[in-house]
Amino acid sequence: IKNIALTNESMVRAMAKEAEASRERKAAMIRADGEYRSAIKLSQAAKVLADNDTAVELRRLQTLERIAKERNNTTLLVPMQVFNNADSTQSTVATGEDGYIDLDALEAQLLSEDKEQIELGY
């Protein structure tokens, strides 16, 4: 059979809906497989980064390079010491009510830490 002529319009629509549903199911399965593979890769990357400080620094530099290539962005470079010393009471990063870093407080903190380092002779 090479060609079938369907005269019933409702039958044509029903077949089209069934074909579309089948395509959507296949697309959902492909997306789910991609998400699964992505989760595995992210888990592997997290293990590598957790065990290797140098890899973390290289990844940070790659991210900064990518950000610098994009246009119309403001890049704020924050020394890693701010994050490395986040557990100490002296170097905590202030956050606002919205949970984001309070840039004014961070600037004041960095300036005071720089002043302390200069006074201590670092």
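Residues numbered from 1 in each chain as written. Predicted model: local features only at pLDDT ≥ 70, side-chain atom pairs only at ≥ 80, totals over all residues. Heavy atoms only, no water.

Moving on, we get to the overall build of the protein. Assigned secondary structure in the protein consists of four helices and zero strands. Going from N to C terminus, the protein has its helices and strands arranged as α-α-α-α. Of all intrachain contacts in the protein linking residues separated by at least 6 positions in sequence, the fraction that spans at least 24 positions is 15%. (Helix = DSSP H or I, 4+ residues; strand = E, 2+ residues; numbered from the N terminus. Contact = heavy atoms within 4.5 Å.)

Residue-level pLDDT values for the protein average 76, and 66% of them are 70 or greater. Confidence, expressed as mean pLDDT per element, reaches its minimum in the protein at helix H4 (residues 103–120) with 64 and its maximum at helix H1 (residues 9–51) with 91. Here residues 118–122 is a poorly scored stretch, pLDDT under 50, and it has one contact once near neighbours within four places are set aside; other chains count. (pLDDT = per-residue confidence, 0-100.)

Now for helix H2 (residues 53–69). For H2, which comprises 17 residues, the first-to-last C-alpha distance of 25 Å matches the rise-based estimate of 24 Å (1.5 Å per residue) to within 8%. For H2, the side-chain oxygen to backbone nitrogen distance between the N-cap and Thr-54 is 3.0 Å, and the N-cap itself is Asn-52. (Expected span 1.5 Å × (residues − 1). Polar contact = N/O pair within 3.5 Å; in protein donor to acceptor, adjacent residues only side chain to side chain.)

Think of it this way: side chains of opposite charge can pair up when their charged atoms draw near. Enumeration over the complete set of coordinates arrives at two salt bridges. Notably, a salt bridge pairs Asp-33 with Arg-37, separated by 2.9 Å at the nearest N-O pair. Separated by four residues within a single helix, Asp-33 and Arg-37 lie in helix H1, roughly one turn from each other. Under the relative-accessibility criterion, Asp-33 is labelled partly exposed at 35%. (Salt bridge = Lys/Arg side-chain N within 4 Å of Asp/Glu carboxyl O. Buried < 20%, exposed > 50% of the residue type's maximum accessible area, 1.4 Å probe, protein only.)

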